Amino acid sequence: MKYARQFIIILLISLAGEVLNHFIPLQIPASIYGLVILFVCLKTKLVKLSSVRETGRFFIDILPILFVAPGVAIISAMDEFKKYWWQLLLITVVSTLVVFFVSGQITQLIIRVSQKRRDKKSAAVEKSK
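Reference entry: report on the structure contained in this document. (Residues numbered from 1 in each chain as written. Predicted model: local features only at pLDDT ≥ 70, side-chain atom pairs only at ≥ 80, totals over all residues. Heavy atoms only, no water.)

## A few points about the nonpolar core
With seven residues, the main nonpolar core is built from Ile10, Ile13, Ile37, Leu38, Cys41, Val47 and Val52. Among the elements that take part in this core, helix H2 (residues 30–43) stands out by supplying three residues, more than any other. (Core = buried A, V, L, I, M, F, W, Y, C linked by side-chain atoms within 4.5 Å. Buried < 20%, exposed > 50% of the residue type's maximum accessible area, 1.4 Å probe, protein only. Helix = DSSP H or I, 4+ residues; strand = E, 2+ residues; numbered from the N terminus.)

## What about the packing of helix H3 (residues 53–66) against helix H4 (residues 68–76)?
One way to put it is that H3 packs onto H4 with a least axis distance of 5 Å and a crossing angle of 15°. Our classification of the angle between H3 and H4 gives roughly parallel. Residue-level inspection shows Pro64, Ile65 and Leu66 of H3 in contact with H4, the latter providing Val68, Ala69 and Pro70. Taken together, the residues of the contact of H3 with H4 break down into six nonpolar, no polar and no charged. (Axes fitted to C-alpha atoms, helices over the stretch in contact; angles between N-to-C directions. Parallel < 35°, antiparallel > 145°, perpendicular 65-115°, else oblique. Contact = heavy atoms within 4.5 Å. Nonpolar A, V, L, I, M, F, W, Y, C, P; charged D, E, K, R; others polar.)

## Regarding the packing of helix H1 (residues 2–23) against H3
Running from N to C, H1 and H3 point in directions that differ by 75°, and their axes come no closer than 8 Å. Judged by the angle between their axes, H1 and H3 are roughly perpendicular. On H3, the residues that touch Lys2, Tyr3, Gln6, Phe7 and Ile10 of H1 are Arg53, Glu54, Thr55, Gly56 and Phe59.

## A look at the packing of aromatic side chains
With the rule as written, the count across this model stands at two aromatic pairs. Between the aromatic rings of Phe7 and Phe59, the centroid separation amounts to 6.0 Å while the plane-to-plane angle is 55°, which identifies the pairing as tilted. With Phe7 in helix H1 and Phe59 in helix H3, the pair connects residues that are 52 residues apart, well separated along the chain. The class of Phe59 is partly exposed, set by a relative accessible area of 29%. Judged by centre distance (5.9 Å) and plane angle (50°), the ring pair of Phe58 and Phe59 falls under tilted. Members of the aromatic cluster, each reached through a chain of ring pairs, are Phe7, Phe58 and Phe59. The ring of Tyr3 carries the charged tip of Lys2 above its face, separated from the ring centre by 5.5 Å. (Phe/Tyr/Trp six-rings, centres within 6.5 Å; stacked < 30°, edge-to-face > 60°. Lys NZ or Arg CZ within 6 Å of the ring centre and 35° of its normal.)

As structure tokens, then:
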């Protein structure tokens, strides 16, 4: 029964993502809306981690199985991929470099902001002494 309750919670959050996807005219997949909703619910304690932990771990454990069907589809469409191999390679390399760059910049920003907060707290402690 515990797993059914956890699955229903995740399913309802996924449904909320689908509803948002329907009403918000952005090119964002419904699953991303669902992940953001779940993240916000977990951070604000609307949903406790213990309420979805085991089912979430189960989904992570079976995740590799979910890649089998796309892998078979890619293999069966290999003739099409061979026609456009250089475009696909270019897109893959460019998008990977963009992700590396953006991730690095965001990480550096977070580190700088965290350091400034620590410095302000240290200064406040020093003033209070």
